[in-house]
Each structure stands twice: as C-alpha cells, then as structure tokens.
Amino acid sequence: MLNSSVVRTQRRNPRPLSLGEMDCLEPKTKNNLTGKLLLVASLLILAVIVISQSSSFTSPSAFSQREEGVTHVLVTGGAGYIGSHAALRLLRDSYRVTIVDNLSRGNLGAVKTLQRLFPQTGRLQFIYADLGDPIAVEKIFSENAFDAVMHFAAVAYVGESTLYPLKYYHNITSNTLGVLEAMARHKVKKLIYSSTCATYGEPEKMPITEDTPQVPINPYGKAKKMAEDMILDFSKNSDMAVMILRYFNVIGSDPGGRLGEAPRPELREQGRISGACFDAARGFIPGLQVKGTDYKTSDGTCIRDYIDVTDLVDAHVKALEKAQPRKVGIYNVGTGKGRSVKEFVEACKKATGVEIKVDFLPRRPGDYAEVYSDPTKILKDLNWTARFTNLQDSLQVAWRWQKIHPHGYASY
Ligand SMILES: O=c1ccn([C@@H]2O[C@H](COP(=O)(O)OP(=O)(O)O[C@H]3OC[C@@H](O)[C@H](O)[C@H]3O)[C@@H](O)[C@H]2O)c(=O)[nH]1
C-alpha cells in the first residue's frame, strides 16, 4: 500500500522521480495521524517540485539520448537486493543507469542510497513502474535510449513459488516477454538475463555444467526456464547480444556497507536461509529452522553453492562487456563448492557471534538435495572466478549491514 493517488498515477504513467518525490512512495504508516502528516508533507514536496521544476532533479533528457562512450543500462529490479548491488557497481564504473522497479520486493532506501552516492545529473534515474504493465513498459523504452538491459526484476523464493505458482509465471515469464518485446521494438542490443540454478532441478551428476539437462522441479525454476527458452528462440533470428547467467545461492552484501539484503518479514515463512539466519540472530524469530534432514547428502541436509553478491555483479559487468551481437552466452555463476545447510548454520553462528537455536523440520516442498556449479566455462570465456569464497566472511559482511539495519532501509 502506498500513500497517494499521485503515486498510483506514477506507476501507470512512469517518469523518473527525484529524491523528494520518492518520499511519496514510502510505505503507509499504521499511525493515522503520522500518515496524514506524511501525506501533507509529501503533497507539499510535490507542489514545490512542480513549481520550481527543481534544478537538482536529474534531467530526463540526458537519458533519452545516446552519449558517445557512455553505456546506458536499464536495470530492472534495481531497487532489489542483487539489482541494487549491480547498479552500484555500474555507477562506480561510470555507466549510466536507469532503475525500474515496482517496489513490491525492492526497497526505495536502496535507490535513495544510490542517489546520494551518485548525485551527478545524468548518471542515475529511478522510474517507479510495473513491468507487467505494457503501456508503462512502452513509455519507458520510448523515452529512454538504452544500450543494454540487465533484467533482475523477479520474485525469487522457491518455497513461495510452490504456493503461488501463477504469480511466478506472471512475474517472471510473462514480464520477461514484455521486456523482450520492448527491447526488440526499440532495438536495444544487449540483454543480460538473471536466471538460476533452479532451472536444472535435481541433476543426477554433480557438479552442474551449462550442458546439464534443465529439468526444473518447482514453479520458480520452471518460470525461469520458460523465460530462458523465449529468449533463446528470439535470439535465433535477432542480432541481439544475449548473456544468460544462472546464479547459484546468492549471499553477502556490499563490503563498503552501503547496501544490503533488506529483511522481508511478510515472507519469513518462505524466505531464504540467509534471511532466516539473520532473523534468528537478531531474535526476530525464536530459532533457525533447518528444513529437511533426510536428504541423501553427507549430513542429511541440502547442499548449495553460495556465491557472494559482489562476485555476482562482477560476473554481470564482465558479461555486459563481452556480449557479442547475434551470440548467446550461457553461464553458471557459482563458486564450484557445495555446502550443506548445517555447515551454513555453523558459519552463520560464527559470523554473527550468536548461539542461534536450531530446530529440525521436515523437507520444504520444491527443494532439491544437492546443487553446485562447475564454473569452468565462465572462467574460460569471461575470465571470471569467484573471489569471496569464505562463507563465514561473506555472512560477516552481510551481518554488519543487518545489525545497523534490523528493519531494512527503514531503520537508521
Ligand atoms: O529457513 C530456512 C530457509 C531455507 N532452508 C534451506 O536452505 C536451503 C537453501 O534454501 P534457500 O531458500 O535459501 O535457497 P534455494 O536454494 O531454495 O533457492 C535460492 O537459490 C537459487 C536462487 O535462484 C533462488 O532465487 C534462491 O531462492 C534449502 O535446503 C532450504 O530448505 C532452511 O533450512 N531453512
């Protein structure tokens, strides 16, 4: 729920937002009086902006034209955990970035942080829009000259996908189709697509190479696989440069402490192991629930390949640089090492310094026993390899941010 009709209009008719306007997108408070005061303040801010045509407001025209030597990247889902880290890296490397996000899973605080870090006109703009809205998507592509798209925007919880499969097919598969069609209409030449190891399902042979058959076993993996298939079919008769990155399990956060993975209390039941670990360490939940102890693995718990978000965004930038017209590159992005959930829990205890209580539960629907990557191809082709491979260190970096932001970007 957002706090003004202005905001609803904004999502239907998207345009870049200034920092002041972004305040209108903050979640509605439960306290009525505070809510009304916020609404009045927001409207006043909007009025001031409209009257003064604020000079600090990043000019949209800078984004509507190409500039020699500057690559303009549309980062969908750029307010989210991985997307915001990618935007930070792109901005650091002097790319021009347009973030599009519907803030359903993303965080305005991440965008504001980026705006504060990169206040220069023409570097970063934020558009509040839903990729499921074809009119909004067309407007975004017709008013901006993108050189590339990094398509992160997606719901991404395996457990949730088993409960609400249609949400996943809509948000992942259908929205990717919309983005792809808009890219084709507006001749955007490069696509870096966020795919997942969940597209492989439960392979018989480990480690997983890019040639391992994709047999997804949950709606999340199936929705991503269908999106991949659409992209691959389209690319057969297109000059688009395509890179499909299949991430393994992403952890960690910006070593500079500027960004992190904001907790999502409303999705706690379906959340990822890293979020559960930090919630348990903070005392927000009574303990960490290990879901499944009877898998055919060394200690009975699932094996995953945990990849640090800093390494992951590095893979994106390398993919962007190396993407070639009429070519598709498909790469696993992982460390090549499998760690059990029990090992993860031990690393989490050490990283947080909290003796977390652990409960052992039955299996979670949609889970596969063991996945870890063979990252040989990405090393060979893109000269990329994971550098942050110590689980405890990655969790410690993330914990530093989590401790300062127990309620995500809302808490300072
Ligand atoms: O509270 C929890 C959460 C998770 N787990 C277990 O931890 C393991 C990892 O689960 P997560 O939910 O963190 O991650 P998943 O492996 O299901 O998928 C993850 O990796 C691939 C990405 O593309 C997905 O977006 C991401 O959700 C599973 O075995 C799961 O059952 C728990 O034991 N307890």
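About the cut-offs
Residues numbered from 1 in each chain as written. Predicted model: local features only at pLDDT ≥ 70, side-chain atom pairs only at ≥ 80, totals over all residues. Heavy atoms only, no water. Helix = DSSP H or I, 4+ residues; strand = E, 2+ residues; numbered from the N terminus. Buried < 20%, exposed > 50% of the residue type's maximum accessible area, 1.4 Å probe, protein only. Contact = heavy atoms within 4.5 Å. Core = buried A, V, L, I, M, F, W, Y, C linked by side-chain atoms within 4.5 Å. Expected span 1.5 Å × (residues − 1). Pairing = 2+ DSSP bridges. Axes fitted to C-alpha atoms, helices over the stretch in contact; angles between N-to-C directions.

Participant: Go over the side chain of Ser394 with me, naming the residues and quoting the values.
Facilitator: Within the secondary structure layout, Ser394 lies in helix α15 (residues 391–404). Of the residues examined, Ser394 reaches a relative accessible area of 4% and is grouped as buried. Excluding residues within four positions of it along the chain, Ser394 makes contact with Ile251, Gly252, Asp308 and Phe388.

Participant: Could you give me a rundown of the nonpolar core, with the residues and numbers involved?
Facilitator: In terms of nonpolar packing, the biggest core is built from 52 residues, with Leu90, Val97 and Phe126 touching the most fellow members. With residues near it in sequence (within four places) discarded, Leu90 still touches Val73, Val75, Tyr95, Val97, Met150, Val317 and Leu320. By size, the runner-up hydrophobic cluster in this structure holds 42 residues, among which are Leu131, Val155, Phe248 and Tyr368.

Participant: I'd like to hear about helix α9 (residues 165–185), residue by residue, with values.
Facilitator: Its 21 residues give α9 an end-to-end C-alpha distance of 29 Å, which sits within 8% of 30 Å, the value for a rise of 1.5 Å per residue. Listed in full, the buried residues belonging to α9 are Tyr168, Asn171, Ile172, Thr173, Asn175, Thr176, Gly178, Val179, Leu180, Ala182 and Met183. Two residues or fewer after α9 comes Lys187, characterised by a positive phi angle close to 55°.

Participant: An account of the sheet that holds strand β12 (residues 328–333) is needed here, citing residue identities and associated values.
Facilitator: A sheet is described by the order of its strands in space; here eight strands give the open sequence β1-β4-β3-β2-β5-β6-β7-β12, paired in mixed fashion. Two strands bound the open sheet, and with one partner strand each, they are β1 (16–17) and β12. Sheet analysis places strand β7 (residues 241–247) next to β12, joined by six bridges and oriented parallel. If you follow Val242 over to β12, its bridge partner there is Val328. Packing against the sheet, helix α10 (residues 219–235) makes contact with β6 (190–196), β7 and β12, and its axis sits at approximately 155° to β6.

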